[in-house]
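# Structure assessment
Okay, here's what each chain looks like letter by letter:
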Amino acid sequence: MLTAKELQRHAHAQHRKRVQEAKTIIDTKAPLLHAGNFSGFSKMKDDIQTFRERHKTNAQLLVRMNEIFRLKGVTDCFRTKETAATPSSIPRRIKEMEKIESTNMILGKRILCVKPELDTWQKIKKPLKARQEKPNHQPKFLIPWDILKKYSSLNVSKYGPRLDILMRPKIWLEVSIKEVCPVGRLVIHLHTEAAPAVVLELMRLCGNHHNNSLSFVKIFPSLWLEAQLQLGDKTMLCRTLEYDKRALDHGNYAGVLSFSLDHLNLLEEDKETSLMFAISFRPLGLLNGRRVGFGHVIEGLDILNFIQAYGTKNGKPTKEFVVSKCGVFVN
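Residues numbered from 1 in each chain as written. Predicted model: local features only at pLDDT ≥ 70, side-chain atom pairs only at ≥ 80, totals over all residues. Heavy atoms only, no water.

Summing up its helical and strand segments, the protein has 9 helices and 8 strands in all. Within the protein, the proportion of its 331 residues that are buried is 27%. (Helix = DSSP H or I, 4+ residues; strand = E, 2+ residues; numbered from the N terminus. Buried < 20%, exposed > 50% of the residue type's maximum accessible area, 1.4 Å probe, protein only.)

Moving on, we get to empty space enclosed by the protein. Across all of its chains, the model carries 1 cavity of 30 Å³ or more by this definition. Roughly 40 Å³ of volume is contained in the largest cavity. For the largest cavity, the full set of lining residues is Trp224, His250, Val256, Ser258, Ala278, Ser280, Arg282, Leu284, Leu287 and Arg291. Listed by contribution, the elements that provide at least two residues to the lining of the largest cavity are strand E5 (256-260) and strand E6 (274-280). A per-class count over the lining of the largest cavity returns 5 nonpolar, 3 polar and 2 charged. (1 Å grid on protein atoms, 1.4 Å probe; cavity = no way out; pocket = protein on both sides within 12 Å on 5 of 7 lines; lining within 4 Å. Points joined across faces, edges and corners; volume = space filled by probe spheres on them. Nonpolar A, V, L, I, M, F, W, Y, C, P; charged D, E, K, R; others polar.)

Now for the packing of aromatic side chains. Scanning the model with the defined rule gives 5 aromatic pairs in all. With a centroid separation of 5.7 Å and 45° between ring planes, the pair formed by Phe259 and Phe294 is classed as tilted. With Phe259 in strand E5 and Phe294 in strand E7 (residues 291-299), this pair connects stretches of sequence that are 35 residues apart. We note that Phe259, like Phe294, is buried. On the numbers, 5.3 Å between centres and 65° between planes, the contact of Phe306 with Tyr310 is edge-to-face. Exposure remark for Phe306: the relative accessible area of 34% places this residue in the partly exposed category. Given a relative accessible area of 22%, Tyr310 falls into the partly exposed group. Across the ring face of Trp172, the terminal group of Arg185 is positioned such that the distance to the ring centre comes to 4.2 Å. (Phe/Tyr/Trp six-rings, centres within 6.5 Å; stacked < 30°, edge-to-face > 60°. Lys NZ or Arg CZ within 6 Å of the ring centre and 35° of its normal.)

Residues with a pLDDT of 70 or more make up 73% of the protein, whose mean pLDDT is 78. Within the protein, strand E1 (residues 170-177) carries the highest mean pLDDT (91), whereas helix H5 (residues 145-148) carries the lowest (59). (pLDDT = per-residue confidence, 0-100.)

Moving on, we come to the nonpolar core. Core analysis: the biggest nonpolar cluster contains 40 residues, and Leu214, Leu229, Leu257, Phe259, Phe277 and Phe294 have the highest contact counts within it. Among the elements that take part in this core, helix H7 (residues 196-207) stands out by supplying 6 residues, more than any other. For Phe259, the contacting residues outside a window of four places in its chain are Ala195, Val198, Leu264, Leu275, Met276, Phe277, Arg291, Val292 and Phe294. In this structure, Phe220, Trp224, Ala278 and Leu284 belong to the second largest nonpolar core, which totals 5 residues. (Core = buried A, V, L, I, M, F, W, Y, C linked by side-chain atoms within 4.5 Å. Contact = heavy atoms within 4.5 Å.)

With that settled, the discussion passes to the pairing of E7. By the criterion of burial, E7 is predominantly enclosed, with 7 of the 9 residues buried. With 4 bridges connecting them, strand E2 (residues 181-190) and E7 associate as antiparallel partners. Across the sheet, His189 pairs through a bridge with His296, a residue of E7. Where E5 meets E7, 5 bridges bridge the pair, whose relative direction is antiparallel. Residue pairing for E7: Ser258 is matched across the bridge by Gly293. (Pairing = 2+ DSSP bridges.)

Moving on, we come to the pattern of salt bridges. Scanning the model with the defined rule gives 6 salt bridges in all. Among the salt bridges present, the one from Arg168 reaches Glu193, with a minimum N-O distance of 2.9 Å. Here the residue Arg168 occupies a position in the loop between helix H6 (161-167) and E1, and Glu193 occupies one in the loop between E2 and H7, the gap between them amounting to 25 residues. Overall, Arg168 belongs to the buried group, its relative accessible area being 18%. (Salt bridge = Lys/Arg side-chain N within 4 Å of Asp/Glu carboxyl O.)

Okay, helix H9 (residues 301-308) next. Here H9 has its buried residues at Ile303, Leu304, Ile307 and Gln308. Projected down its long axis, H9 shows its buried positions confined to an angular sector of 140°, all on one face. Looking at the buried residues of H9, the elements they touch are E1, E2, strand E3 (214-220), E6, E7 and strand E8 (321-329). (Arc of directions from axis to C-beta.)

For residues that are not glycine, phi is negative in most cases, and the peptide bond is trans in most cases. At Glu179, a residue that is not glycine, the phi angle is positive and equals roughly 60°. Mapped onto the elements, Glu179 comes out in the loop between E1 and E2. Of the residues examined, Glu179 reaches a relative accessible area of 64% and is grouped as exposed. Residues other than glycine seldom take positive phi values, yet His209 does so here, at roughly 60°. In this structure, His209 sits in the loop between H7 and E3.

With that settled, consider the side chain of Arg291. With respect to the helices, strands and loops of the structure, Arg291 is situated in strand E7. Within the structure, the side chain of Arg291 is placed 3.1 Å from the side chain of Ser258, a separation counted as a polar contact. (Polar contact = N/O pair within 3.5 Å; in protein donor to acceptor, adjacent residues only side chain to side chain.)

Residues Leu61, Leu62, Met65 and Phe69 make up a contiguous nonpolar surface patch of about 450 Å² in total accessible area. Checked against the element boundaries, Phe69 lands in helix H3 (residues 41-71). (Patch = residues over 30% accessible without salt bridge, like charges linked within 9 Å, V, L, I, M, F, W, Y side chains within 5 Å. Areas by Shrake-Rupley, 256 points an atom, 1.4 Å probe, with all protein chains shown as cover.)

Okay, structure coming up:
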């Protein structure tokens, strides 16, 4: 037989077990609330309709009052019919202009991709005069002897054409707005004695036509255009490099190519896989001794001025410029 306390404990345990195993039959989920009940969209709609009706009634009342004051109620007002309000045509014209602009963009892309299948050029009896090239007024290139003696083992004449190709190679870059239209060509004179390894890297890029390895990252108006050159596995820029900060004066030219010494230290420490260099929009003599100039633009300064117009204060360009083609001048 169980005692009274044991019976009470047993009954309490059974009660707790029933409570734990109990299943509710009441829906405890939060009710779904309709947004219209709180935002009052229907009431706002009714208020707007009421406001319009009152505005119309007040306008009619003012017209009637004008009639009474002018004619003193003798004759009816000359405006016997209510004129309908004509909507503004400005939004419609804006849409039409946007449609025309998009159509012109598509047409321009198609025209750039068109290749003629028939020769429609008419034969001309008189031969055309040969185009007279503008004389090049650049001074004759004379390299100092202290720089030339570094390359004495190459057996290059002091005044020969091979010296010009070695010390002043020329490359060209075709710049275009991505998926829109071409912009023009930049012709660049490189200074080998300023940074031989950097010049060699650019010559490899343009000689192999690897235009995808070169990209324009930032555009700072009145300062420079920042470009990024992706380096390959066989690059020479990951070792201690030779450079001369005095080889090129930044204050003499616009369109000077230069790189920072801090960025060069990161390349030597294998912390960067690309070379960042800048192309100035105007002469910047303040950069002498701070950056290494290794080339300058000799043709296409108007292209640089065009690119400059799409820059911002933080450097993010409003249009994406790319290098579509590149190459090296052999002669």
